[in-house]
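So the chains spell out like this:
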Amino acid sequence: MKRHLGRVVHVVVTVGILVLLVLFARRVDWAATWAALRSASPAMLLAAAAVNLVSLALKGVRWWIFLRPVGVDSLPLALRATFAGAGLNNVLVAQGGEAARVIFVSRAARVSSANVLATFALERLFELIGYILMLLLGLWLLPLPDHMASFRPYALGAAVVLGALLLYLLKRDVSAPAAQDISRWHERVRAYMRQFMHTLGGVSTGPRFAGALALSIGAWALQVATYHMTARAVHFPITFTGTVAAILAVNIGFAFRATPGNVGIFQFLYAFTAGALGFDTNAAIAVAFLIQTQQILPVTAIGIGLAPEFLFKRHPDNPAPGKQDGPSA
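Keep in mind the model is a prediction, meaning the values are calculated, not measured. (Residues numbered from 1 in each chain as written. Predicted model: local features only at pLDDT ≥ 70, side-chain atom pairs only at ≥ 80, totals over all residues. Heavy atoms only, no water.)

Details of the overall build of the protein chain
- Scanning the protein chain for helices and strands turns up 13 helices and zero strands.
- Taking all 329 residues of the protein chain together, 47% fall into the buried category.
- A sequence separation of at least 24 residues applies to 78% of the contacts in the protein chain between residues at least 6 apart.
- Accessible surface, the protein chain: about 16200 Å² in total, of which carbon and sulfur atoms supply 70%. (Helix = DSSP H or I, 4+ residues; strand = E, 2+ residues; numbered from the N terminus. Buried < 20%, exposed > 50% of the residue type's maximum accessible area, 1.4 Å probe, protein only. Contact = heavy atoms within 4.5 Å. Areas by Shrake-Rupley, 256 points an atom, 1.4 Å probe, with all protein chains shown as cover.)

Considerations on the packing of helix H6 (residues 113-141) against helix H10 (residues 206-233)
- Closest axis-to-axis distance for the H6/H10 pair is 9 Å, and the angle between their directions is 55 degrees. If you check the angle between H6 and H10, you find them oblique. Of the two elements, H6 crosses H10, and the hand of that crossing is right-handed. For the pair H6 and H10, contact is made by Leu-122, Phe-126, Glu-127, Ile-129, Gly-130, Tyr-131, Leu-133 and Met-134 and by Phe-209, Ala-212, Leu-213, Ser-216, Ile-217, Trp-220 and Val-224, respectively.
- Considering only residue class, the contact of H6 with H10 consists of 12 nonpolar, two polar and one charged. (Axes fitted to C-alpha atoms, helices over the stretch in contact; angles between N-to-C directions. Parallel < 35°, antiparallel > 145°, perpendicular 65-115°, else oblique. Left-handed = near helix turned anticlockwise from the far one by under 90°. Nonpolar A, V, L, I, M, F, W, Y, C, P; charged D, E, K, R; others polar.)

A look at the environment of Arg-208
- Along the chain, Arg-208 turns up in helix H10.
- For Arg-208, a relative accessible area of 15% translates into the label buried.
- Arg-208 sits 146 residues away from Arg-62 along the chain, and the two C-alpha atoms are 9.0 Å apart.

So, the confidence of the model for the protein chain
- Put simply, the protein chain has an average pLDDT of 80, and 73% of its residues get 70 or more.
- Across residues 23-29 the pLDDT falls below 50, and counting only partners more than four positions away or on other chains, this stretch makes nine contacts in the model.
- Taken as a whole, residues 315-324 scores under 50 in pLDDT and shows 21 contacts with residues more than four places along the chain or in a different chain. (pLDDT = per-residue confidence, 0-100.)

Section: the packing of aromatic side chains
- All chains considered together, the criterion is met by nine aromatic pairs.
- Ring geometry for Trp-63 versus Phe-120: centroids 6.2 Å apart, planes at 75 degrees, classification edge-to-face. Note that Trp-63 is positioned in helix H3 (residues 42-67) and Phe-120 in helix H6, a separation of 57 residues in sequence. Judged on exposure class, the residue Trp-63 and its partner Phe-120 are both buried.
- Ring centres of Phe-151 and Tyr-154 lie 6.5 Å apart, and the angle between their planes is 65 degrees; this geometry places the pair in the edge-to-face category.
- A relative accessible area of 61% places Tyr-154 in the exposed class.
- Sitting over the face of the ring of Trp-63, Arg-101 holds its NZ or CZ atom 4.7 Å from the ring centroid.
- In this structure, Arg-152 is placed above the aromatic ring of Trp-140, and the distance from its NZ or CZ to the ring centre is 5.6 Å. (Phe/Tyr/Trp six-rings, centres within 6.5 Å; stacked < 30°, edge-to-face > 60°. Lys NZ or Arg CZ within 6 Å of the ring centre and 35° of its normal.)

Brief notes about the pattern of salt bridges
- Per the stated rule, a full pass over the model turns up seven salt bridges.
- A salt bridge links Arg-62 to Glu-123; its shortest N-O distance comes to 2.5 Å. Taken together, the positions of Arg-62 in helix H3 and Glu-123 in helix H6 put the pair 61 residues apart, joining distant regions of the chain.
- Among the residues examined, Arg-62 registers a relative accessible area of 0% and is labelled buried.
- Among the ionic pairs, Glu-123 bridges to Arg-101, the shortest N-O distance being 2.9 Å. Remark: Arg-101 occurs in helix H5 (residues 96-109) and Glu-123 occurs in helix H6; sequence separation between them is 22 residues. Each member of the pair, Glu-123 as well as Arg-101, carries the same accessibility label: buried. (Salt bridge = Lys/Arg side-chain N within 4 Å of Asp/Glu carboxyl O.)

Comments concerning the environment of Leu-142
- Looking at where Leu-142 falls in the secondary structure, it is placed in the loop between H6 and helix H7 (146-149).
- Separated by 103 residues in sequence, Leu-142 and Ala-245 have C-alpha atoms that sit 8.9 Å apart.

Next comes the structure, spelled out in structure tokens:
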């Protein structure tokens, strides 16, 4: 019953969002938007696309930091899975590519999916931490639009919660879970969760957290550069503050995607934020389309190209199964 209700709510929300996007699209001066698109500098767009790929690669390295202690030593494997997952995210809803990359690495490296999922949870946690940090700095240091200034108490509360969670993970007991009978399905689920929590605590160390935080800051900084370079490619006079506000706005719901690649929602949020800062909305839509074009097309091409490799190809250089029982020091 609860699962059915959840699906109904998801469908209603998705339909509501799509209706709002249609209403928004009817108000756009598409001729002005197309004129802005035609004025774009190809060289600047290619440079922005390259910066975006480097940003995604940093996320792969961040994941690898947590994968190494569970027996996944291959940085290329972590990078390939990250690009494959990002590519699938662009054609699937509800972040389906994220689940796929856990499966990819688990199969390719012959490591327990509970261990890989724990490392993935930490990698995603530091993606959120990087966003909250940028949100806090932006809200307190930059003149962001009024509708974003109201997020100050929520951002501060989220930072406190995340800080407490990191402290808990660092202090958590990491003793190995005792072996138990797993003949029934609910016992297997409990054993899986015990292994997940054991790995989560085992790979949580100060040096790994520091490295992940540095990579998160670098990845988000490169995203800001990607947005700003794309705006400059169409001669859109948005300021650095405007770019930061736009990237905060379009990523505020990154855990939920109503459309593949968030197409439509991304353009609405970017244009709304730019318009709130006094910039031309039609030109902002052109910028938003170009940002997603140079983000989605190269990543999707790479990701879809790599996905069959994980599904059908075995990796002879994988670690031996004996190395997969839990995190190493």
